[in-house]
Amino acid sequence: MLPRFNLLLLVLPLLWWQSACADPLMHDEVGWLETMAFAAHQTDYSGTFVYQDGMGGHVQVSRITHISDKAGEHERLEGLNGSRREIVSSNNQVWLFLGDRKVRIDRQHNDRAFPALLPEQISTLKENYSISQTEGDRVAGFHAHVVVFQPKDNLRYTHKMWAHSESGLLLKAVVLDERSRVIEQYAFTQLSLGGNVDRSWIEQNMATQTVAKKNEGTSVVKPLDPVKSGDWQVDALPAGFKKITEICRPMRDSKIPVTHLVFSDGLAGISVFIEDVGDRDDINAGLSSQGAIQIYSRISGDKLITVVGEVPPRTVIQVGESVRYAGQ
């Protein structure tokens, strides 16, 4: 019989090896995060999830169906409360249904929505967030690994994510403020994975597209125009935020397009809008919020500058005060 001390020397390494293999994040942190990032695009799933504004109590229930096949990526998102709203997409072709109105639009490459919240390139996240794992949990009947993204400064929020331990699909996502209060969350309440997912709506959507090409009455949102690079400068972005898009887009009933700049650090997004004040009398400058979204507006000369971000109030104010015209 082995002495007890020698036995421990054999058992402890074995226990450590088993723990490391059972925990993908501990065993290969970057690889597991990449699995989470791609799972929402590569996994077939159908389920119901709930969005809740932790501060204001707003609740929205949605059903999502996602299929990935040789023809590409197909998704159907249906609102289950309130007025009818439905989004059906195949690759970059997107159909938006609002009540009886149907609009065809082009998907913006920077758009990410639950459960596809993580970027495909996750290497830069570690520059601005400390990434760790907490004890496992269960969400919608599935075992989940829990990953926490803790910001390295006070200019962004903490993100906590529950990912299916086998596929990596995001099952729940929570945004926490500096006091660890939940200010926004998404969570699946029911979920089906794999081969039992209904595919009939894909063929129906393809038929809708064919009919729409012959129907000039269908609304089409045209691609947005690029803005001359460098016309507007943002001097006080938090570290890690990079410009994703710079476009002109129509807003309200104005014939003059609005300049829209989009920045992201991989998890959080900040949008800057610059528009003519004109003779408008409905401008409310200052700070407001909705869940994790903070909005700050100010008037500079004849321009209204509005910053919208999934960041703390101090951040949108800092960014908004630093916006200036740098064009010729």
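The coordinates are above.
First, a word on what this report is: a plain description of the structure on this page. Everything numeric here is computed off the predicted structure, so don't read it as measured data.

About the cut-offs
- Residues numbered from 1 in each chain as written.
- Predicted model: local features only at pLDDT ≥ 70, side-chain atom pairs only at ≥ 80, totals over all residues.
- Heavy atoms only, no water.
- Helix = DSSP H or I, 4+ residues; strand = E, 2+ residues; numbered from the N terminus.
- Contact = heavy atoms within 4.5 Å.
- Areas by Shrake-Rupley, 256 points an atom, 1.4 Å probe, with all protein chains shown as cover.
- Salt bridge = Lys/Arg side-chain N within 4 Å of Asp/Glu carboxyl O.
- Buried < 20%, exposed > 50% of the residue type's maximum accessible area, 1.4 Å probe, protein only.
- Phe/Tyr/Trp six-rings, centres within 6.5 Å; stacked < 30°, edge-to-face > 60°.
- Lys NZ or Arg CZ within 6 Å of the ring centre and 35° of its normal.

Counting its regular elements, the protein chain contains 6 helices and 21 strands. The long-range fraction of contacts in the protein chain, counting pairs at least 24 apart against all pairs at least 6 apart in sequence, stands at 50%. Accessible surface for the protein chain amounts to roughly 18,100 Å². Of this, 51% is attributable to carbon and sulfur atoms.

Attention shifts here to the pattern of salt bridges. By the definition in use, this model includes 10 salt bridges. Arg 156 is paired through a salt bridge with Asp 153; the nearest N and O atoms lie 2.8 Å apart. Of the residues examined, Arg 156 reaches a relative accessible area of 4% and is grouped as buried. The class for Asp 153 is partly exposed, based on a relative accessible area of 28%. Taken together, the shared-partner salt bridges connect Arg 63, Arg 76, Glu 78, Arg 84 and Glu 86 into one network.

Let us look at the packing of aromatic side chains. Counted under the stated rule, the structure contains 9 aromatic pairs. Centre to centre, the rings of Phe 49 and Phe 188 are 5.9 Å apart; their planes meet at 80°, and the pair counts as edge-to-face. Here Phe 188 lies in strand E11 (residues 182–193) and Phe 49 lies in strand E1 (residues 45–52), a separation of 139 residues in the sequence. Between Phe 114 and Phe 188 the ring centres are 5.3 Å apart and the planes differ by 45°, which places this aromatic pair in the tilted class. Taken together, the residues Phe 114 in the loop between strand E6 (101–106) and helix H4 (125–128) and Phe 188 in strand E11 connect sequence positions 74 residues apart. According to the relative accessible area criterion, Phe 114 is buried, its value standing at 5%. With relative accessibility at 3%, the residue Phe 188 sits in the buried group. Taken together, the ring pairs in this structure connect Tyr 45, Phe 49, Tyr 51, Phe 114, Tyr 186 and Phe 188 into an aromatic cluster. A cation over an aromatic ring shows up here: Lys 172 above the ring of Trp 162, its NZ or CZ 4.5 Å from the ring centre.

Moving on, we come to the environment of Leu 261. Its location among the elements puts Leu 261 in strand E16 (residues 258–264). For the pair Leu 261 and Phe 273, spaced 12 residues apart in the sequence, the C-alpha separation amounts to 6.6 Å.

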